[in-house]
Each structure stands twice: as C-alpha cells, then as structure tokens.
Amino acid sequence: MYTRGAVIRQAPGELEVVDLELDDPYPDEVQVRLVASGLCHSDDHHATGDIPVGTYPFALGHEGAGVVTKVGPNTKGIEEGDHVIFSAIPSCGHCRWCAAGASNLCDLAAGILAGPRFTDGTYRLHTTDGTPVGQMCGISTFTETTTVSLASVVKIDPDIPLDKACLVGCGVSTGWGSAVNSARVQPGDTVIVMGIGGIGASALQGAVHAGASNVIAVDPVAFKREQAPVFGATHAVESMAEATELAKQFTNGQGADAAVITVGVMRPEYVGQALGAVRKAGIVVTTAVGPHRVSDVPLDLFELTLFQKRLEGTCFGATSGNRDVHRLLRLYQEGTLKLDEMITRTYTLDDIAQGYRDMHEGKNIRGVVLFD
C-alpha cells in the first residue's frame, strides 16, 4: 500500500514528508494506522547527526500510538482493531535481559538504528522508486501507516485516548523511570531534574510519586520554569548553581539526594555540575544524550570516590514496555499521571518541521502530531 511519512535523506538534514510504499506484515508483524506521535528530541538527534543511522532515507518517529489494521501470519495476541502503543525499544521476551526483567536492554535493540528489520535484515518501507527506507526503532511513527514487529507494540485499553497514550511510548516512561527506577528516589528526598521537556516533566512526576519532599526543576527557558510546578516541582530555577544552593539549604549543607539530567542535548559539563550538586552517596542519572563521539567528561574523581557518589546511565528509564506501560496508563486513568498537561501544541504531519522548530525555541513541553 501507499502511505506518507517524514524522512531525512542525510545528516545534518531536514525532515521531509514524502510518499512511501509500505509492505504488508510478515509473520509476527502487524500493520498500524497512526493516530498520534510525540515529537521527541531523539528524532532530532538523528536529523542533526548527533546520533548516526545506518540507512538513508530514514523515516523518523518512535513515540506513537494507533490502531491495528492488518496482522501477519502466526501473529498471536493482537487482532485487527486493537489499540496499541509502540515501544521505542523492542522486547523479544527471551534474551538474557528480557528474561531478567530488563527488556529496555533487549538484544534486538542492537539493530534499531540500522534501518532494516532487526530480525531478518529486510525493509518494510520504500520510496516510490523502490529505494529502501530505514525505520527508526523498527517502527517510524512519523508515517500515516506503518508495519512493525510484534516485539514493538503493546496492546492497551481502547478507552484510553491514543493522542495522550502515545507519550508513554518513550518520553513518559523514560522520564518517570529515570527518577523512580534509576535514581531510586525515596520519601523525603531532595531531587534535582535538569531540563524540563517531555522527559524532564515526567521525571518530576516520578520523583513526586516516589515521595520526594523537594523537587527542583532547572531550565534556562522561562516558559519551562513556569510549567514545572504543574508536574510537581516545588521550586524552579534557571541554573544548576541555583539548584545546588537550594538543595544544600534543604539538606543542612549536604546536597541533593539525586540529580537527573534530562536536557535536550547532553554536554560534558552537565555531568560534572550534577555530580557536584549531590550529597555523599548521592546519585546522578544521565538520561539525556548528545553527540555520540563526545567522551571527555570533567569529573572530580577524588570526590566521586571518597564521597562514594554514583553516576549511572539509564536507557528508557530502566522500564519494561509490556509491564510499565500498563502501570503508567493506570496512573493516568486514576488522575495521578499528567499526560494532557504535557501536550503544549499539536501539529499535522505536514507541519512536523514547524513542530521541531518550536521545540528548539523552547515553546513546548511536548508537541504531538495528530493523524486523524
């Protein structure tokens, strides 16, 4: 069938909406009509070249939700008409990591930026002249219809609005999990969240849910600081210097219990700033990513060792798609998790480039593309 989608032809490159040919689902695959897709900064990292991909053209998008329109042979558990969220990280269910409950580290993820299907090396998307088109994370949610592996979808309650649920496919799970799973926030803690976009707003909510007493949001953009209290921030400041001083005031000079870095583009100095803001045995969680070749990070190694501080990376917030998507959506249904409030603006697919311009200008907590 024919569909339309947003692709990049090179990096650095601009998103371009083009006509595409889409294959029917193979065994253990489904075809999904998109309803909504979040505009995550990770897609922009591919457009800027911060994170290279293996195939051009490359169809972006990894935070989406839609309705199943076709199922392939031998596909179990999913039927036409089911509502699904895409998982940015596929889950095979049987590798070492999936078996241990860490499906965010599933071995299938090794191929999610290569372009072809990670199971057999073939392509489901092509340009109208037959050129193979890579799929981001094997899903490409910036397409009107997509064909994906069963390992990349999670069936959800049809009563949950898909334009809100799509956010749980990446940003919400990643941010929430960064605070709850990786930072291991405890009741009474003082927590700093550095960078208040979709992931940062979710990290604020995770810290509050875990019982933190002081939740300090840091962002240089005034709009983001104004929005931070909506998601539970008790304080919002412009710089890490201010956040560090506040944390020390709340802890008798000790420092924050945890700092979570959720900025749009990671810089080496942010890690050092966060490590200097936490107490003895405090933890810094690096959720943000930046240019892939950056490796020099200024750290006080003496302080890291003798103050027993911890520095921990996190992928997808250490969440499990099949398990945690349902938990988070239940919290949304109960009114605990704020999803509606995260969506600042919506766009059509043809306006997707404007959506990313708005993101760069700090106008959105989260922008969402609506297909219906």
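Each residue is numbered by its place in its chain's sequence as written, counting from 1. Side-chain atom pairs in this predicted model are given and counted only at pLDDT of 80 or more, local residue features only at pLDDT of at least 70, and totals for whole chains, interfaces and linings cover all residues. Computation of side-chain values: all heavy atoms of the structure, hydrogens and water removed.

### Looking at the overall build of the protein chain
Worth spelling out the cut-off: A helix here means a DSSP run of H or I that spans at least four residues, while a strand means a run of E at least two residues long, and both kinds are numbered starting from the N terminus. Put simply, the radius of gyration uses C-alpha atoms, and a globule should come to 2.2 Å times the residue count raised to 0.38. Each residue is assigned to one of three classes by its accessible area relative to the maximum for its type, calculated with a 1.4 Å probe on protein chains only: buried under 20%, partly exposed between the two thresholds, exposed over 50%. Contacts are assigned to residue pairs with any non-hydrogen atoms lying within 4.5 Å of each other.
Scanning the protein chain from N- to C-terminus turns up eleven helices and 18 strands. Relative to the compact-globule value of 21 Å for 372 residues, the protein chain shows a C-alpha radius of gyration of 20 Å, a close match. Along the longest, intermediate and shortest principal axes, the C-alpha atoms of the protein chain span 65 × 40 × 40 Å. Within the protein chain, the proportion of its 372 residues that are buried is 56%. A separation threshold of at least 6 residues defines the contact pool for the protein chain, and within that pool the share at least 24 residues apart is 71%.

### Describing the nonpolar core
Stated precisely, the cut-off is as follows: Residues grouped as a nonpolar core are buried Ala, Val, Leu, Ile, Met, Phe, Trp, Tyr and Cys residues, joined through side-chain atoms within 4.5 Å.
Within the largest apolar cluster, 47 residues are counted, with the highest numbers of intra-cluster contacts made by Leu204 and Leu329. If near-sequence neighbours (up to four positions away) are discounted, Leu204 is found in contact with Val193, Ile196, Val215, Ala217, Ala228, Phe231 and Ala233. Of all hydrophobic cores here, the second largest spans 40 residues; its members include Phe58, Phe86, Cys106 and Val153.

### Description of the UniProt feature "domain: Enoyl reductase (ER)" (unreviewed entry) in the protein chain
Keep this limit in mind: UniProt positions are given in the numbering used here, feature names are shortened, and annotations may be inferred rather than shown by experiment.
Sites flagged by UniProt as "domain: Enoyl reductase (ER)" (unreviewed entry) map to residues 10–370. Across residues 10–370, helical content stands at 26% and strand content at 24%; the span's end C-alpha atoms are separated by 25 Å.

### Quick look at the layout of surface pockets
Condition: Of the two site types, the cavity is a set of points on a 1 Å grid over the protein atoms alone where a 1.4 Å probe fits but cannot get out, and the pocket is an open set with protein on both sides within 12 Å along at least five of seven lines, each lined by residues with an atom within 4 Å of a point. Grid points are joined across faces, edges and corners, and a volume is the space filled by probe spheres set on the points. Residues are grouped as follows: Ala, Val, Leu, Ile, Met, Phe, Trp, Tyr, Cys and Pro are nonpolar; Asp, Glu, Lys and Arg are charged; every other residue, Gly included, is polar.
There is about 240 Å³ of room inside the second largest pocket. Contributing to the lining of the second largest pocket are Ile51, Met266, Arg267, Pro268, Val271, Ala288, Val289, Gly290, Pro291, His292, Val294 and Val297. Per-class residue counts for the lining of the second largest pocket are nine nonpolar, two polar and one charged.

### Focus: the pairing of strand 5 (residues 64–71)
Operational definition: At least two DSSP bridges between two strands are required for those strands to pair.
Pairing geometry for strand 3 (residues 29–38) and strand 5, over seven bridges, is antiparallel. By the bridge assignment for strand 5, Leu34 is matched with Gly66.

### Here's the deal with the pairing of strand 2 (residues 16–22)
Sheet topology places strand 1 (residues 2–8) next to strand 2; six bridges connect them, and they run antiparallel. By the bridge assignment, Val7 is partnered in strand 2 with Glu16. Pairing of strand 2 with strand 7 (residues 125–127) involves three bridges; the strand directions are antiparallel. Looking at the pairing, Leu20 lines up with Thr127 of strand 7.

### Re the sheet that holds strand 2
Read once around its circumference, the closed barrel built from five strands follows the order 1-2-7-8-4, with strand pairing classed as mixed. Here strand 1 pairs with strand 4 (residues 58–59) via two bridges, running antiparallel. Of the residues in strand 4, the one forming a bridge with Ile8 is Phe58.

### Describing the sheet that holds strand 11 (residues 190–194)
Put simply, the test is: Lines fitted to C-alpha atoms define the axes here, with helix axes fitted over just the stretch in contact, and angles between the N-to-C directions of these axes take values from 0 to 180 degrees.
Strand order in this open sheet of six strands is 13-12-11-14-15-16, and the pairing throughout is parallel. Each of the sheet's edge strands pairs with one partner strand only, and the pair in question is strand 13 (235–237) and strand 16 (310–313). Each neighbouring strand pair of the sheet contributes to a mean axis angle of 20°, computed without reference to strand direction. Note: strand 12 (residues 214–218) against strand 13, three bridges, orientation parallel. Residue pairing in the sheet places Ala217 in a bridge with Ala236 of strand 13.

### Digging into helix 8 (residues 268–277)
Note the following rule: Directions from the helix axis toward the C-beta atoms define the arc.
All of the buried residues along helix 8 are Val271, Ala274, Leu275 and Ala277. End-on view of helix 8: buried residues confined to an arc of 160°, all on one side of the axis. The inward-facing, buried residues of helix 8 abut strand 11, helix 7 (240–250), strand 14 (256–261), strand 15 (278–286), helix 9 (301–306) and strand 16.

### Description of unusual backbone geometry
A cis amide bond links Ala11 to the next residue, Pro12, at an omega of -5°. Relative to the helices and strands, Pro12 resides in the loop between strand 1 and strand 2. Although it is not a glycine, Asn252 sits at a positive phi angle of roughly 55°. Secondary-structure assignment places Asn252 in the loop between helix 7 and strand 14.

### Some words on the pattern of salt bridges
When the charged atoms of two side chains lie near each other, side chains of opposite charge can form a pair. Put simply, the rule reads: Salt-bridge detection follows one rule: a side-chain nitrogen of Lys or Arg within 4 Å of a carboxyl oxygen of Asp or Glu.
Tallied over the full model, the rule gives 17 salt bridges. Between Asp24 and Lys70 there is a salt bridge; the shortest N-O distance is 2.8 Å. Here Asp24, found in the loop between strand 2 and strand 3, pairs with Lys70, found in strand 5; they are 46 residues apart in sequence, far enough to count as distant. Here Asp24 falls in the partly exposed class, since its relative accessible area comes to 41%. What makes Lys70 partly exposed here is its relative accessible area of 32%.

### Side note on a nonpolar patch on the surface
The cut-off we apply is this: Two joining distances apply to patches: 9 Å for like charges and 5 Å for nonpolar side chains (Val, Leu, Ile, Met, Phe, Trp, Tyr), and every residue must have over 30% relative accessible area and no salt bridge. Areas reported as accessible are Shrake-Rupley estimates using a 1.4 Å probe. Residue values count occlusion only from the protein chains shown.
Taken together, the side chains of Phe302, Leu306 and Phe307 define a hydrophobic patch exposed on the protein surface, amounting to about 340 Å² of accessible area. Tracing the sequence through the fold places Phe307 in the loop between helix 9 and strand 16.

### Focus on the packing of aromatic side chains
So the rule is basically this: Paired rings are identified among Phe, Tyr and Trp, the last through its six-membered ring, by centres lying within 6.5 Å, and are further divided according to the angle between planes into stacked (under 30 degrees), edge-to-face (over 60) and tilted (the rest). Definition used: whenever NZ (Lys) or CZ (Arg) falls within 6 Å of the ring centre and also within 35 degrees of the ring normal, the charge is taken to sit over that ring.
All chains considered together, the criterion is met by one aromatic pair. A centroid spacing of 6.3 Å and a plane angle of 65° characterise the contact between Phe142 and Tyr356, whose relative ring orientation is edge-to-face. Residue Phe142 is located in the loop between strand 8 (132–135) and strand 9 (145–149), and its partner Tyr356 is located in helix 11 (residues 352–360); the two are separated by 214 residues in the primary sequence. Each member of the pair, Phe142 as well as Tyr356, carries the same accessibility label: buried. Its end group placed over the ring of Tyr26, Arg124 keeps NZ or CZ at 3.5 Å from the ring centre.

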